[in-house]
Amino acid sequence: MKRLNALFLWSLIVALSAPTLVHAEENENEGQSLPRVANANWKTECASCHTLYHPGLLPERSWRKLMSGLDKHFGENASLDPPSQQEITDFLVKHSAGAGSNYAKSVPASTTPLRMTETAWFKRQHREVRADVWKRPKVGSPSNCMACHKGAEQGDFSEHAVAIPR
Amino acid sequence: MQGKMAMRNATLFIALGMTLNVYAATPQEILNSYIPQAKQENPAFKEFSPSRGEQFYHAKRIHSSGKQMSCAACHTDNPKNAGSHAKTHKEILPLAPAINKERFTDSAKVEKWFKRNCQDVLERSCTAQEKGDFIAYLLSVK
């Protein structure tokens, strides 16, 4: 009985601490889902203060720039210890918007945007959203992905899953 | 068979140890860990003061950006309440260990947030005395 309990506990621990569950389902269609990615440190550190933004929402050069300026992160100090900073940078770069994706192609090579809401791709995808919708209390700002895309943190931006709050 | 079992038990033991490691310290232990540094900063250091920590928590300061800042601005006037991030509105869980058992149990996490928030509110690092007073205050909130 004891052994069974230990076995059960062990499987529970394995299940809870499974570090990466990667479904590499690339989908280049606009508005479709990004691949599911996971990294425990990324999730903890990047979602303490805001939405957990998917690495595929910015090109590699943007993540590198953003991660090297965490002491002045949109006006706030979000500095990390060097090992965490390195690990998260590597993770973001690995899963960043690939050069061939429609999204990355919409970002001119001469620019390094730090806000995904400023990219041409983002603006085109949201051209039908009226200014007053962004200001609704449950939305607040364009950076609040989860207000309308419930699965944003898992990379699900599919159009049929969009629900705009009243 | 016996060997396999022993191996499994050993792995389980290690895994449990790693899980428990998250709560390696008590808030009191973390508070006490600031004493040597406080003595180093000020040889006349005596103790940490909850009432000084309370003043510190509520003290309003004008940031060089013109914004009024304080700990309470985001953590609310009562540290037993959940707060929210000024810009993103993301929830900030209560600071008082009486309500939130996870607070002040991980020294690296405590230092990470002091480093960030002292810069954001005070535009400098906090002293060990300030950190200790702050934790002493939060521990006094029942």
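Before reading further, recall that the structure is shown in the block above.
Keep in mind that what you see is a predicted model, and the values were worked out from it rather than measured.

Asks: Where do I start with the overall build of chain B in this structure?
Replies: The helix and strand inventory of chain B stands at 7 helices and 4 strands. Listing the helices and strands of chain B from first to last along the sequence gives α-α-α-α-β-β-α-β-β-α-α. Burial analysis of chain B (142 residues in total) assigns 37% to the buried set. In chain B, the share of contacts with a sequence separation of at least 24, taken over all contacts with a separation of at least 6, comes to 55%. Element-wise, carbon and sulfur atoms account for 58% of the exposed surface of chain B, whose accessible area totals about 8800 Å².

Asks: Help me out: how do you make sense of the nonpolar core in this one?
Replies: Nonpolar side chains in soluble globular proteins generally cluster together in the buried interior. Formed by 30 residues in total, the largest nonpolar core has its most connected members in Trp42(A), Met67(A), Ile88(A), Leu92(A), Tyr103(A) and Met116(A). Taken together, the elements giving at least two residues each to this core come down to α2 (40-46), α3 (60-67), α4 (82-94), α5 (102-105) and α6 (120-125) of chain A. Beyond its immediate sequence surroundings of up to four residues, Leu92(A) is in contact with Trp42(A), Pro55(A), Trp63(A) and Met67(A). With 27 residues, the next largest nonpolar core counts Ala72(B), Cys118(B), Ala136(B) and Leu138(B) among its residues.

Asks: Mind showing me how you'd approach the pattern of salt bridges here?
Replies: Two side chains with opposite charge may pair up if their charged atoms get near one another. Counted under the stated rule, the structure contains 10 salt bridges over all chains. With a shortest N-O distance of 2.7 Å, Arg124(B) and Glu130(B) are connected by a salt bridge. Using a relative accessible area of 34% as the deciding quantity, one classes Arg124(B) as partly exposed. Ionic contacts of the salt-bridge type, sharing partners, join the residues Glu45(A), Lys112(B) and Arg116(B) into one network.

Asks: Please explain the packing of aromatic side chains as it appears in this structure.
Replies: Two descriptors summarise a pair of aromatic rings, namely the distance from one centre to the other and the angle between the planes of the rings. A complete count under the given rule lists 9 aromatic pairs over all chains for this structure. Their ring planes at 40 degrees and their centres at 4.9 Å tell us that Trp42(A) and Phe91(A) sit as a pair that is tilted. Taken together, the positions of Trp42(A) in helix α2 and Phe91(A) in helix α4 put the pair 49 residues apart, joining distant regions of the chain. Of the two residues examined, Trp42(A) and Phe91(A), each falls in the buried class. Taken together, a centroid distance of 5.6 Å and an interplanar angle of 55 degrees make the contact between Tyr57(B) and Tyr137(B) tilted. Note that Tyr57(B) is positioned in helix α4 (residues 50-58) and Tyr137(B) in helix α7 (residues 128-140), a separation of 80 residues in sequence. Across this residue pair, the class does not change: Tyr57(B) and Tyr137(B) are buried. Connected via pairs of aromatic rings, a cluster forms that spans Tyr34(B), Phe56(B), Tyr57(B), Phe114(B), Phe134(B) and Tyr137(B).

Asks: So what exactly am I meant to see when it comes to the packing of α4(B) against α7(B) here?
Replies: For any two helices packed against each other, the geometry comes down to the angle between their axes and how far apart the axes lie. Residues and elements named next belong to chain B. Two elements in contact, α4 and α7, have axes separated by 7 Å at closest approach and are oriented at 100 degrees. By the criterion of interaxial angle, the relationship of α4 to α7 is roughly perpendicular. Packed against α4, whose contacting residues are Pro50, Arg52, Gly53, Glu54, Phe56, Tyr57 and His58, the element α7 presents Gln129, Glu130, Asp133, Phe134, Ala136, Tyr137 and Ser140 at the interface. Class assignment of the residues belonging to the contact of α4 with α7 gives a composition of 6 nonpolar, 4 polar and 4 charged.

Asks: Explain the state of the cysteines here, please?
Replies: Two cysteines form a disulfide when their sulfur atoms are joined by a covalent bond. In the structure shown here, the tally under the stated rule is 1 disulfide over all chains. The disulfide bridge from Cys118(B) ends at Cys126(B), spanning 2.0 Å between sulfur atoms. In this structure the cystine formed by Cys118(B) and Cys126(B) twists about its S-S bond by roughly -105 degrees; its chirality is therefore left-handed. A relative accessible area of 6% means that Cys118(B) is categorised as buried. Overall, Cys126(B) belongs to the buried group, its relative accessible area being 10%. Lacking any disulfide linkage, Cys49(A) is separated from the closest cysteine sulfur, that of Cys74(B), by 9.2 Å.

The rules behind the values
- Residues numbered from 1 in each chain as written.
- Chains lettered and ligands numbered in written order.
- Predicted model: local features only at pLDDT ≥ 70, side-chain atom pairs only at ≥ 80, totals over all residues.
- Heavy atoms only, no water.
- Helix = DSSP H or I, 4+ residues; strand = E, 2+ residues; numbered from the N terminus.
- Buried < 20%, exposed > 50% of the residue type's maximum accessible area, 1.4 Å probe, protein only.
- Contact = heavy atoms within 4.5 Å.
- Areas by Shrake-Rupley, 256 points an atom, 1.4 Å probe, with all protein chains shown as cover.
- Core = buried A, V, L, I, M, F, W, Y, C linked by side-chain atoms within 4.5 Å.
- Salt bridge = Lys/Arg side-chain N within 4 Å of Asp/Glu carboxyl O.
- Phe/Tyr/Trp six-rings, centres within 6.5 Å; stacked < 30°, edge-to-face > 60°.
- Axes fitted to C-alpha atoms, helices over the stretch in contact; angles between N-to-C directions.
- Parallel < 35°, antiparallel > 145°, perpendicular 65-115°, else oblique.
- Nonpolar A, V, L, I, M, F, W, Y, C, P; charged D, E, K, R; others polar.
- Disulfide = S-S within 2.5 Å.

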